[in-house]
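# Structural overview for review
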Amino acid sequence: DADEEKVLLNARAAVGHAMRMGAEGDYTGAKNALLDAYLNGLEPVEPKLRGRDPELTQKLEEAFMQARLAAERKSPHLQDEGRELLSLLDQARKTTGSTTDVLSVAWLTLLILLREGFEATIIVTALLAALKKMKAMDQVRVVHAGWVSALIAGALAYIVGRKLLAGAQREWLEGVTALVAVGMLLYAALWLNARANVSHFMGELRQKMQGALGRGSTVGLFVIAFTSVLRESFETAIFLQGLAVDSAAGVVWGVVAGIVALGVLVLFINRMGYRLPMKTLFSLSTVVMVVTAVMLLGKGLHSLQEVGALPLVPVRFIYVDMLGLYPDALSLVPQALLAVAPLVYRALRRRPREETPTSGDSATPTQPLR
């Protein structure tokens, strides 16, 4: 449309300005002009462009990074990189057509809801099961009020985040929220790993529930349900904010499908009870969280590089934006460390157990024979 054409023309003008400044030896000014061209020229129309031609969009992003790298290194190749950018921007202006792929966004939204909703569903089901066992069914409404309130809080976080992400500094916000999500995912992964023993987990829940009921505190029950689901609710809001930039309609359809799927899951768990291999499911969920954290760490650091907050350290590697893999050491090294950290953590936890002497090795007084 006309607005998109205007934005791309502005980007083209800024790239031309960067080339002229580079030719005059002002590489700092050239770098700033390229950042302005990216943030105010490509970034506002990137979701629409990616929906029409994802390959061209990736080429544009790589070309902007290469041109900026040439400016940082004060390389004469800046002129060549600039001409490549101008050619790609002209190709982008010629693209016509369709809207963003709603179906792909809806599918990703569904997967996120199932991943996050599984944890929340297990927790709420465990709370309700504990109430049923203690014959305190009159408190079920309090638990329902708690998890519903947590979902409302997550929806509010999504709405506020969407307004912020509509601003010019979307890359900043995407980078920061991705890094926040990494911390939340790691916390959730450790939390799940510590509760892989479901019987122990249920015992903890019953103790909390009995304490709350013993004090006659409906507030206590509400807080337990609310805080148990709140983390998953906020995580989901953060993840869906990025998808909504590409297609808000896709997120809506994905949420609808996710709610239906989670409803079926709840009915299934209620029918099956705890005959399911919960320990295996919790362990798999932990693995998924760590993998997602590695992916988001790469995306977050890459976003901060795109706005110039972090330097570029290019290396030979593949470029897979969907998986958060970029040919840059500044993102790859932290990702590798994060991927290895859980293995080191498990090894350190096992070592004390292996070094602990068994009961047969300990000296015990012998019993007299009779």
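Computed from a prediction, not measured in an experiment: that's the story for all the values here.

It is worth spelling out a nonpolar patch on the surface at this point. Among the surface-exposed residues, Val252, Trp253, Val256, Val260 and Val264 lie close enough to one another that they form a single nonpolar patch of about 510 Å² accessible area. Along the chain, tryptophan 253 falls in helix H11 (residues 248-272). Judged by relative accessible area, which is 58%, tryptophan 253 ranks as exposed.

Let us now look at the packing of helix H2 (residues 27-42) against helix H4 (residues 54-72). For the pair H2 and H4, interaxial distance at closest approach is 8 Å and the crossing angle is 165 degrees. Here H2 is positioned roughly antiparallel relative to H4, judged by the angle of their axes. Every pair of crossing elements has a handedness; the one defined by H2 and H4 is left-handed. Residues Tyr27, Ala30, Lys31, Leu34, Leu35, Ala37, Tyr38 and Leu42 of H2 form the contact with H4, whose own contacting residues are Leu60, Glu61, Phe64, Ala67, Arg68, Ala71 and Glu72. Here the contact of H2 with H4 is composed, by residue class, of 11 nonpolar, no polar and four charged.

Let us now look at the packing of H4 against helix H5 (residues 78-94). Viewed as axis vectors pointing N to C, H4 and H5 meet at an angle of 155 degrees, and their least axial separation amounts to 9 Å. In terms of orientation, H4 lies roughly antiparallel with respect to H5. For the element pair H4 and H5, the recorded crossing hand is left-handed. From H4, Leu56, Lys59, Leu60, Ala63, Phe64, Gln66, Ala67, Ala70 and Ala71 reach across to H5, where they touch Leu78, Glu81, Leu85, Leu88, Leu89, Gln91 and Ala92. For the contact of H4 with H5, a count of residues per class yields 12 nonpolar, two polar and two charged.

Taken as a whole, this structure holds one cavity of 30 Å³ or more when the rule is applied. Quantified by volume, the largest cavity comes out at close to 60 Å³. In terms of lining residues, the largest cavity is bounded by Leu34, Leu35, Tyr38, Phe64, Met65, Arg68 and Glu306. Secondary-structure elements contributing two or more residues to the lining of the largest cavity are H2 and H4. For the lining of the largest cavity, the residue count by class is five nonpolar, no polar and two charged.

Summarising the element assignment, glutamate 61 is placed in helix H4. On the basis of relative accessible area, glutamate 61 is assigned to the buried category, the value being 4%. The contact partners of glutamate 61, leaving out residues within four places of it in the chain, are Tyr38, Leu42, Glu46, Arg50, Glu306 and Tyr319.

In this section: H5. Taking 1.5 Å per residue as the helical rise, H5 with its 17 residues ought to reach 24 Å, and the 25 Å between its terminal C-alpha atoms agrees with that figure. For H5, the set of buried residues is Leu78, Gly82, Leu85, Leu86, Leu88, Leu89, Asp90 and Ala92.

A few words now on the nonpolar core. Val15, Leu34, Leu60, Phe64, Leu78 and Leu85 are the most contacted members of the largest nonpolar core, which totals 32 residues. Where this core is concerned, the elements lending two or more residues are helix H1 (2-23), H2, H4 and H5. Ranked by size, the runner-up nonpolar core spans seven residues in total, among them Val182, Leu297, Leu301 and Leu338.

A separate point is the packing of aromatic side chains. Applying the stated rule across the entire model yields two aromatic pairs. On the numbers, 5.5 Å between centres and 70 degrees between planes, the contact of tyrosine 38 with phenylalanine 64 is edge-to-face. Taken as a pair, tyrosine 38 in helix H2 and phenylalanine 64 in helix H4 lie far apart in primary sequence, 26 residues in all. Look at tyrosine 38 and you get buried, because its relative accessible area is 3%. The class of phenylalanine 64 is buried, set by a relative accessible area of 4%. Measuring from ring centre to ring centre gives 5.3 Å for tyrosine 319 and tyrosine 326, while their planes differ by 80 degrees; the resulting arrangement is edge-to-face.

Across the protein chain, pLDDT averages 75, with 66% of residues at or above 70. Counting contacts from residues 359-370, a segment whose pLDDT is below 50, to residues more than four positions away or on other chains yields zero contacts.

Its location among the elements puts alanine 63 in helix H4. Each residue touching alanine 63, except ones within four places of it in the same chain, is listed here: Leu85 and Leu88.

With that settled, the discussion passes to unusual backbone geometry. Within the chain, lysine 74 stands out as a residue other than glycine whose phi angle is a positive 55 degrees. Within the fold, lysine 74 resides in the loop between H4 and H5.

Conventions we followed
- Residues numbered from 1 in each chain as written.
- Predicted model: local features only at pLDDT ≥ 70, side-chain atom pairs only at ≥ 80, totals over all residues.
- Heavy atoms only, no water.
- Patch = residues over 30% accessible without salt bridge, like charges linked within 9 Å, V, L, I, M, F, W, Y side chains within 5 Å.
- Areas by Shrake-Rupley, 256 points an atom, 1.4 Å probe, with all protein chains shown as cover.
- Salt bridge = Lys/Arg side-chain N within 4 Å of Asp/Glu carboxyl O.
- Helix = DSSP H or I, 4+ residues; strand = E, 2+ residues; numbered from the N terminus.
- Buried < 20%, exposed > 50% of the residue type's maximum accessible area, 1.4 Å probe, protein only.
- Axes fitted to C-alpha atoms, helices over the stretch in contact; angles between N-to-C directions.
- Parallel < 35°, antiparallel > 145°, perpendicular 65-115°, else oblique.
- Left-handed = near helix turned anticlockwise from the far one by under 90°.
- Contact = heavy atoms within 4.5 Å.
- Nonpolar A, V, L, I, M, F, W, Y, C, P; charged D, E, K, R; others polar.
- 1 Å grid on protein atoms, 1.4 Å probe; cavity = no way out; pocket = protein on both sides within 12 Å on 5 of 7 lines; lining within 4 Å.
- Points joined across faces, edges and corners; volume = space filled by probe spheres on them.
- Expected span 1.5 Å × (residues − 1).
- Core = buried A, V, L, I, M, F, W, Y, C linked by side-chain atoms within 4.5 Å.
- Phe/Tyr/Trp six-rings, centres within 6.5 Å; stacked < 30°, edge-to-face > 60°.
- pLDDT = per-residue confidence, 0-100.

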